[in-house]
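Survey of secondary and tertiary structure
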Amino acid sequence: MKFLLRIVVFFACAYLSYGQNSSVSGTVIDSNKPIEFANVILLSEDESVILKGSSTDNNGYFILSNLEPNIYILKVRFIGYQEYRQKIVLTGHLDLKTITLSEEIESLDEVNITVKKPTLKREADRLIFNIENTALVEGSMLQVLKNTPGVLVIGDDISVKNSTPTVYINNRKVHLSSDDLNQLLEGSSANAVKSIEVITNPSARYDADSGVVINIVMSKNLITGYRGSISTNYTQAVFPRYKAETSHFFKNEAISFNVNYGFSKNKINRDGDDTVNYLDNANVLEQSWRSFTNRNTRSETHSLNANFDYFINDNNALSLSTNLLYVPYYMQRIANNTLITDDNGDFLSGFTADNLSRQNKYNLGFDLDFSHDFTEGQLTFNTHFTTYNYQRNQGVVSNFFDQNNGFQNTSAFNTNANQDTEILAAKIDYSLPLTENSSFETGVKFSNIKTESDITQFDIDINSGIETVDMQNSDAFDYDEHIYAGYINYATSSEKYNLNVGLRVEQTDLEGRSPLSEITNQQDYLELFPNLSFQYNISDSYNIYTNYKRIIVRPGYANLNPFRFFINENYVIVGNPNLVPTFKNHYDIGVSLFDGLVTIQAYYDNFDGAISEIPRQNNDTNIIEYISVNFDKTIEYGFDFVIDYDVTDDWNTYFVTSFYNREEETNLGVGFVSQNQWSNYSEFFSSLSLLKDDSLNASLSLIWNSKNLQAFQTIEDRLFSELSISKTVFNKKGTISLSVSDLFNMNNFDVSTQYQNQFNTQFINVDYRYIRLGFRYKFGNTKLSTNQRTRELEERDRLNKGRN
């Protein structure tokens, strides 16, 4: 029986072998060269079953073997090209010779290929938030950042774990100050945004002050043709706001060009209720100054982003890009009413202060890039130039009242402030693949920043109107900085692990000089900045990772400026020429479970000389000033938990929560102050696609930020909320969008400061509650996607850093 069984098995195998010796092969090319990694798929004759598949090699060649004689459908696909389809009758070996693919130039309406991607993905050094399939793409880039896990946007400030991130677009830094950056992101559509990367451990290729990087990843122009869009939206908050934008993209074999222009007109309201409790020498309440403030800001902003790529040949490319921001109209009116009471709450006196300021500014940045591809490796050159001009004129009138609320007198002053900055930078980067799984990078960079600023305050005689220069509050400031940098970076990976290790060296020489006050600040230092990122894959579903990085935070130019800028006679913003850089050591370790469904991480940050802006009340002069200082000790550590879950193919949710402790300590001249606070940051986000064609999208975002400590100031609980809905119309060429922010009216917040002889509180009512209605229409080859880019340079971030 065993012998007969062997005979049967032998003949069966022989028959099957004979029946499956057919094959099909061919070479896939475009008009002039082979196409590598094209997908070749073999289907049944009715195309109901995929039987086999393969990819072309570097010569464009493919072969599908061990096939039965039959009738098949062969399809060849590659992104940017029309699909190739052919019916074949296979009786043996079939050589199709050459298959030529044609570039795709047809409208997206004819072919719709949807690829489902995870909304949230955790890698060793970053968190990737994909928004392609959510209603967020119909908002602004700033709106997207507000909904990105771990990113907090308050006013003009963007923060990640109490640190200010560096914002990039397609791995190119946005070269703007914090308030200009906010205006640019609010005025730029997210329609072409693919994902947001929150990079918590950037490699050595990034500048040393890039502690946390937010990289806005745009889709790329992969297909030849033209694409354009126009859009507009109307926002109703306390006051209405308007925005219009147009984008255009063009690509052929030799060039790629895109331009985006936006115009916005805003009026933003802000209310405040501040109390400063002035104390006697025994730190007992002597007087309480309560101020009710209304701040209205009107502005008109023009922004232009353009990028031109010229592909000289297969190995050389030249790029020219520009990022322009122009604010011709900016007016801010601050109305203040201050009531002064004694320790029993009895009214003593009061005053009103009306502040009207106007400013205009422009920020023009230009980049020229050249890249050369070797047989192995790539060399890139970049030069950058920025010119920035800022002018501000301010007039303040104060009226004073006695104990019976009777008018006493009036005072007035005017202030003129100007700043001119020029930045010149150049860098060279070289990358070399060592093996299929490892690479080496190195590069050098030079930058020079020069800024000239001045401030003149005029006291006004109310009776005659004559202006007299107040020399005590007038000054000039010249700043000159040179940075020389070099780096090396090595990365390798395998099925079991990923490793990225690097070292950056930066030499900084700077001089800040104030000729009128005869204050000079000179600094000269060489620092090393190592980084390490390691991930070990226990299995396909589980991995552990750890990161380390040392970074620098240089003072903003405005923070080093010794000027005293009075908002009114009792409220002043003061520069500090004695500031030194902050050095931060970041450590984290984490684990990803269940194929990324759950991520758990612990982190520890140690700041040496953290730069912090604090309010300081002078109990003798009754003046409160905001000044930046270096803290002696700042430590933050905590635990993060992330859950990302697809309820269905069209419904995704994620939940992030972080419990952390922040400890701050410094000596402000009258003894050490030490404070610490445990806090919680939690975020819930849910996105849903509806209807058969996924033309209706909705998302809900909830962010809870509990009581937390920032620069000796305790900020109370806040809840951020936003609902977004979008619907495509006109055969998916048009999109109507609706978003509602601050659903529960809990964005307003309280701030308190209490230590030693400091005792003050604030209630801030921000203009975050709004309804926004928008419309976008796309034309041209709508299958194109944008390759919009912005260039990298770390110095421009610090323009006007710390300005209010």
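The structure under discussion appears in the preceding block.
Treat the numbers as computed from the prediction; the structure is a model and nothing was measured. (Residues numbered from 1 in each chain as written. Predicted model: local features only at pLDDT ≥ 70, side-chain atom pairs only at ≥ 80, totals over all residues. Heavy atoms only, no water.)

1. Concerning the overall build of the chain
Within the chain, the regular secondary structure consists of 4 helices and 46 strands. Of the contacts formed within the chain by residues at least 6 apart in sequence, a portion of 66% connects residues at least 24 apart. If you sum the accessible surface of the chain, you get close to 36300 Å²; carbon and sulfur atoms cover 55% of it. (Helix = DSSP H or I, 4+ residues; strand = E, 2+ residues; numbered from the N terminus. Contact = heavy atoms within 4.5 Å. Areas by Shrake-Rupley, 256 points an atom, 1.4 Å probe, with all protein chains shown as cover.)

2. Some points on a negative patch on the surface
Together, Asp-420, Glu-422, Glu-452 and Asp-454 make up a region of like negative charge exposed at the surface. Where the negative patch is concerned, the elements lending two or more residues are β23 (407–435) and β24 (438–460). Relative to the helices and strands, Glu-452 resides in strand β24. In this structure Glu-452 comes out as exposed when scored by relative accessible area, which is 55%. (Patch = residues over 30% accessible without salt bridge, like charges linked within 9 Å, V, L, I, M, F, W, Y side chains within 5 Å. Salt bridge = Lys/Arg side-chain N within 4 Å of Asp/Glu carboxyl O. Lys, Arg positive; Asp, Glu negative; His and termini not counted. Charge placed at Lys NZ, Arg CZ, Asp CG, Glu CD. Buried < 20%, exposed > 50% of the residue type's maximum accessible area, 1.4 Å probe, protein only.)

3. So, the sheet that holds strand β35 (residues 623–630)
Pairing within the open sheet is mixed, and its 4 strands lie in the order β30-β31-β35-β34. Across the chains shown, the open sheet's two edge strands, defined by having one partner strand only, are β30 (564–568) and β34 (611–618). When strand polarity is set aside, the average angle formed by the axes of neighbouring strands in this sheet is 25 degrees. Pairing of strand β31 (residues 571–574) with β35 involves 4 bridges; the strand directions are parallel. In the sheet register, Ile-573 faces β35, and the bridge partner there is Tyr-626. (Pairing = 2+ DSSP bridges. Axes fitted to C-alpha atoms, helices over the stretch in contact; angles between N-to-C directions.)

4. Some details on the environment of Tyr-770
Mapped onto the fold, Tyr-770 is located in strand β46 (residues 770–780). Along the primary structure Tyr-770 and Asp-742 are separated by 28 residues, whereas in three dimensions their C-alpha atoms are 7.3 Å apart. Look past the residues within four positions of Tyr-770 in its chain and what remains in contact with it is Thr-235, Gln-236, Ala-237, Glu-722, Ser-739, Val-740 and Ser-741. For Tyr-770, the side chain forms a polar contact with the side chain of Glu-722, separated by 3.3 Å. (Polar contact = N/O pair within 3.5 Å; in protein donor to acceptor, adjacent residues only side chain to side chain.)

5. Remarks on the nonpolar core
Leu-145, Val-151, Ile-158, Leu-185, Ile-196, Ile-214 and Ile-216 are the most contacted members of the largest nonpolar core, which has 26 residues in total. With 4 residues, the top contributor of residues to this core is helix α2 (residues 141–146). Those residues within four positions of Leu-145 in sequence are excluded, and the remaining contacts are Val-151, Val-153, Ile-158, Leu-185, Ile-196 and Ile-214. Grouped together as the second largest cluster of nonpolar side chains are 18 residues, Val-28, Val-76, Tyr-81 and Ile-88 included. (Core = buried A, V, L, I, M, F, W, Y, C linked by side-chain atoms within 4.5 Å.)

6. Here we look at the pairing of strand β38 (residues 672–690)
Pairing of strand β37 (residues 651–667) with β38 involves 17 bridges; the strand directions are antiparallel. Considered in β38, the bridge of Tyr-654 is made with Phe-685. Bridge analysis of β38 against strand β39 (residues 696–705) gives 10 bridges, and the strand direction is antiparallel. Residue pairing across strands places Tyr-681 opposite Asn-705, the latter belonging to β39. Here β38 folds back onto β39, and the loop between the two strands holds 5 residues, one of which, Leu-691, carries a positive phi near 70 degrees.

7. Some details on the packing of aromatic side chains
Applying the stated criterion across every chain yields a total of 22 aromatic pairs. Above the face of the Phe-607 ring, Arg-662 is positioned so that its terminal group lies 5.6 Å from the ring centre. (Phe/Tyr/Trp six-rings, centres within 6.5 Å; stacked < 30°, edge-to-face > 60°. Lys NZ or Arg CZ within 6 Å of the ring centre and 35° of its normal.)

8. What about the environment of Leu-688?
Secondary-structure assignment places Leu-688 in strand β38. Judged by relative accessible area, which is 29%, Leu-688 ranks as partly exposed. Sequence-distant contacts of Leu-688, that is, excluding residues within four places in its chain, are made with Asp-650, Trp-651, Leu-696, Asn-697 and Ala-698.

9. Considering the pattern of salt bridges
Enumeration over the complete set of coordinates arrives at 20 salt bridges. A salt bridge links Glu-441 to Arg-205; the nearest nitrogen and oxygen atoms lie 2.8 Å apart. In this pair, Glu-441 is assigned in strand β24 and Arg-205 in the loop between β14 (193–199) and β15 (213–218), connecting sequence segments 236 residues apart. Residue Arg-205 is classed as partly exposed on the basis of its relative accessible area of 28%. One continuous salt-bridge network, built from bridges that share partners, spans Asp-207, Lys-445, Arg-504, Glu-506 and Arg-554.

10. A word on the environment of Ile-128
Looking at where Ile-128 falls in the secondary structure, it is placed in strand β9 (residues 126–130). Residues Ile-128 and Ile-196 lie 68 residues apart in sequence; the distance between their C-alpha atoms is 5.8 Å.

11. Some thoughts on unusual backbone geometry
Even without a glycine there, the phi angle at Phe-594 is positive, about 55 degrees. Considering the arrangement of structural elements, one finds Phe-594 in the loop between β32 (582–593) and β33 (598–608). By relative accessible area, which is 46% here, Phe-594 ends up partly exposed.

12. A closer look at the sheet that holds strand β2 (residues 39–44)
With antiparallel pairing, the 4 strands of this open sheet are ordered in space as β3-β2-β5-β6. What marks the edges here is a single partner per strand, and that holds for β3 (50–55) and β6 (84–90). Strand-to-strand, the axes of this sheet are offset by a mean angle of 20 degrees, without reference to chain direction. Bridging between β2 and strand β5 (residues 70–77) involves 6 bridges; their strand directions are antiparallel. Along β5, the bridge assignment pairs Leu-43 with Ile-73.

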